[in-house]
Amino acid sequence: MVTPLIRRYPLLIIVLAQLFGTSLWFSVNGVGLSLSRDLGFTEADLGRLTLTVQAGFIAGTLFIATTGLADRFRASRIFAASCLAGALANAGFVLVADQMTLAITLRLLTGLCLAGIYPLGMKLVIGWTPRHTGAALAWLVGMLTLGTALPHLLRGSTLGLPWEWPLLGASLLALAGGALVLFLGDGPHLPPSSGRARLLDGLAALRERRFRAVAGGYFGHCWELYALWTLTPFLVAREVARLGAQQAWIPWLSFGVIALGFLGCVGGGGLSRRLGSLWVARRALAASGLICLAYPLLTWLPPGLLLGLLALWGLTVIADSPQFSALAAASAPRERVGSTLAVMNAVGFALTIPAISLTTTLWEFQGTWVLWWLLPGPLLGLWVLRPLALHDPTPGIAKR
């Protein structure tokens with residue numbers, strides 16, 4: 001009885017599982033201030049731990065693409081196994097947080113496990129809801145955004161308790177997400193596996209001009225996105241200090257800024273059904289780029305206004321992501337959707353490493369001016385998308 005009930009609402013189950021599973025991603029960042037206070041972590045240390053998760057994710061996606069796991073085995077089983085392993089690695093961090101080498105190792109393992117959650121979640125969506133892929137993926141990436149923000153909510157709701165609690169809470173949520181997808185199973189709308197894959201299979205779509213442009217826009221988006229999410233607690237803490245408010249507001253406001261991206265994803269998904277994924281992706285990327293340019297120039301504004309601008313940035317910075325994924329899925333070989341998305345994710349997330357490293361290292365010296373190091377992302381993304389927009393001017397051309 002449980003499985004038929006779950007399969008009546010496949011998209012709801014997948015996005016909830018994505019929310020729970022991706023709470024592992026920034027779980028350590030959610031307790032970053034507590035780690036700084038209790039264990040002496042610096043901004044650079046927190047940045048290093050974040051970079052390690054990104055590196056693990058990249059290695060995991062390349063492994064999936066090279067071995068063809070994403071297209072050879074049931075996506076639901078890979079997703080569930082990844083949630084279980086990621087929950088254990090994340091919980092293990094609690095035991096070794098004061099030993100940096102072991103802590104980094106476990107965050108690397110967490111990133112490896114996330115490679116079986118995020119790209120496979122996209123494949124599950126495509127398998128269950130093939131129509132209006134842009135709108136469906138908007139819900140999925142929206143839940144990734146909420147999953148990223150969730151550690152800040154967990155920290156805010158457990159203030160006064162040890163920092164270990166929100167980390168263990170994230171592990172429990174990941175276990176629940178894996179169980180949900182395991183009950184759901186794979187969707188009926190993907191072709192059967194065609195056997196062993198090679199890395200080149202995941203790169204095959206690069207022969208298409210349209211896919212190259214979409215991938216270029218996605219790569220520019222990635223350069224900006226995760227560095228901004230990493231910097232969000234720092235930016236919020238600056239304005240909280242200027243307000244003279246209690247530090248207890250920092251995790252709540254950080255959660256709010258990042259979580260607003262959920263509304264950006266869902267709203268953009270709704271627009272994509274009428275105006276097309278390309279239209280939404282280009283305008284969201286342009287809006288976040290403009291805020292990135294303006295923010296360091298406006299730091300003299302009252303703290304409340306700057307927090308509002310930061311919230312607007314959180315709303316727009318992720319709204320283009322599901323549309324890039326939908327455009328990429330529409331351009332990829334149908335029998336290699338999993339491998340193609342895994343490779344695109346791997347390259348995009350590789351670009352997050354220098355962006356995060358640069359901004360967290362320079363934050364102490366440049367303050368909010370480090371945000372300008374993120375500008376090349378949206379600028380180059382818009383530039384590579386321009387020929388595609390010129391050849392594809394009519395809205396609705398990519399509503400899938």
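Note that the coordinates shown come from a computational prediction; the quantities given were computed from them, not determined experimentally.

## Digging into the overall build of the protein
The helix and strand inventory of the protein stands at 19 helices and 0 strands. Taken over 400 residues, the protein has a buried fraction of 58%. Summarising the internal contacts of the protein: among those between residues at least 6 apart in sequence, 86% fall at separations of at least 24. Element-wise, carbon and sulfur atoms account for 69% of the exposed surface of the protein, whose accessible area totals about 15,500 Å².

## Focus on empty space enclosed by the protein
Tallied over the full model, the rule gives 1 cavity of 30 Å³ or more. If you add up the space inside the largest cavity, you get close to 40 Å³. Lining the largest cavity, in full, are Tyr 118, Leu 144, Tyr 218, His 221, Cys 222, Leu 225, Tyr 226, Ile 318, Ser 321 and Phe 349. At 5 residues, helix α13 (residues 209-243) tops the list of elements feeding residues into the lining of the largest cavity.

## Remarks on the confidence of the model for the protein
Here the protein averages 82 in pLDDT, while 84% of its residues score no lower than 70. Averaged pLDDT values for the elements of the protein fall to 55 in helix α12 (residues 199-203) and rise to 94 in helix α16 (residues 303-316). Note that pLDDT drops below 50 for residues 393-400; the model gives that stretch 25 contacts with residues more than four away or on any other chain.

## Quick look at helix α9 (residues 118-128)
Extensive coverage of α9 is indicated by the burial of 11 of its 11 residues. Of all the residues in α9, the buried ones are Tyr 118, Pro 119, Leu 120, Gly 121, Met 122, Lys 123, Leu 124, Val 125, Ile 126, Gly 127 and Trp 128.

## Some points on the packing of helix α7 (residues 75-96) against α9
Pairs of packed helices are described in terms of their axes, by the angle between the two and the distance that separates them. Interaxial distance between α7 and α9 falls to 9 Å at its minimum, and their mutual angle equals 150 degrees. Classified by chirality, the crossing of α9 by α7 is left-handed. Contacts between α7 and α9 involve Ala 75, Ser 76, Ile 78 and Phe 79 from the former and Leu 120, Gly 121, Lys 123 and Leu 124 from the latter. A per-class count over the contact of α7 with α9 returns 5 nonpolar, 2 polar and 1 charged.

## Some points on the packing of aromatic side chains
The tally for this structure, following the rule as stated, stands at 15 aromatic pairs. Ring geometry for Tyr 118 and Phe 349: centres 6.3 Å apart, planes at 75 degrees, overall edge-to-face. Here Phe 349 lies in helix α18 (residues 337-366) and Tyr 118 lies in helix α9, a separation of 231 residues in the sequence. Classification of Tyr 118 by relative accessible area gives buried; the value is 1%. With relative accessibility at 1%, the residue Phe 349 sits in the buried group.

## Observations regarding the nonpolar core
Ranked by size, the top nonpolar core spans 99 residues in total, and within it Trp 25, Tyr 226 and Trp 313 carry the most contacts. Beyond its immediate sequence surroundings of up to four residues, Trp 25 is in contact with Val 53, Gln 54, Phe 57, Arg 107, Leu 114, Tyr 118, Leu 144, Tyr 226 and Phe 349. Phe 41, Leu 46, Trp 163 and Leu 167 belong to the second-largest nonpolar core, a separate cluster that totals 12 residues.

## What about the side chain of Thr 299?
Relative to the helices and strands, Thr 299 is located in the loop between α15 (277-294) and α16. Once residues within four sequence positions are removed from consideration, Thr 299 is found in contact with Arg 238, Arg 242, Leu 306 and Thr 368.

## What to know about the side chain of Thr 352
Secondary-structure assignment places Thr 352 in helix α18. A distance of 2.5 Å separates a polar side-chain atom of Thr 352 from the backbone oxygen of Phe 349. Residue contacts for Thr 352: discarding those within four places in its chain leaves Leu 51, Gln 54, Cys 222 and Tyr 226.

## Structural notes on the packing of helix α14 (residues 249-275) against α16
Orientation of α14 relative to α16, taken along the N-to-C sense of each, is 40 degrees, at an axis distance of 6 Å. With respect to their mutual orientation, α14 and α16 come out oblique. Helix-helix and strand crossings are classified by hand; for α14 and α16 the assignment is right-handed. Taking contact as the criterion, the partners of Leu 253, Val 257, Leu 260, Gly 261, Leu 263 and Gly 264 in α14 are, on α16, Leu 307, Leu 310, Ala 311, Gly 314 and Leu 315.

## Observations concerning the environment of Gly 264
Its place among the elements puts Gly 264 in helix α14. Taking the relative accessible area as the measure of exposure, Gly 264 reaches 10% and is therefore buried. In this structure the C-alpha to C-alpha distance between Gly 264 and Trp 139, which are 125 residues apart in sequence, comes to 9.9 Å. Non-local contacts of Gly 264, meaning those with residues more than four positions away in its chain, are made with Leu 315 and Ala 319.

## Here's the deal with helix α4 (residues 32-39)
Of all the positions in α4, only Gly 32, Ser 34 and Leu 35 are classed as buried. For α4, the arc enclosing every buried residue in end-on projection is 155 degrees, short of the 170-degree limit, so these residues lie on one face. Note on α4: the residue one or two positions beyond its end, Gly 40, has a positive phi of about 75 degrees.

Thresholds applied
- Residues numbered from 1 in each chain as written.
- Predicted model: local features only at pLDDT ≥ 70, side-chain atom pairs only at ≥ 80, totals over all residues.
- Heavy atoms only, no water.
- Helix = DSSP H or I, 4+ residues; strand = E, 2+ residues; numbered from the N terminus.
- Buried < 20%, exposed > 50% of the residue type's maximum accessible area, 1.4 Å probe, protein only.
- Contact = heavy atoms within 4.5 Å.
- Areas by Shrake-Rupley, 256 points an atom, 1.4 Å probe, with all protein chains shown as cover.
- 1 Å grid on protein atoms, 1.4 Å probe; cavity = no way out; pocket = protein on both sides within 12 Å on 5 of 7 lines; lining within 4 Å.
- Points joined across faces, edges and corners; volume = space filled by probe spheres on them.
- pLDDT = per-residue confidence, 0-100.
- Axes fitted to C-alpha atoms, helices over the stretch in contact; angles between N-to-C directions.
- Left-handed = near helix turned anticlockwise from the far one by under 90°.
- Nonpolar A, V, L, I, M, F, W, Y, C, P; charged D, E, K, R; others polar.
- Phe/Tyr/Trp six-rings, centres within 6.5 Å; stacked < 30°, edge-to-face > 60°.
- Core = buried A, V, L, I, M, F, W, Y, C linked by side-chain atoms within 4.5 Å.
- Polar contact = N/O pair within 3.5 Å; in protein donor to acceptor, adjacent residues only side chain to side chain.
- Parallel < 35°, antiparallel > 145°, perpendicular 65-115°, else oblique.
- Arc of directions from axis to C-beta.

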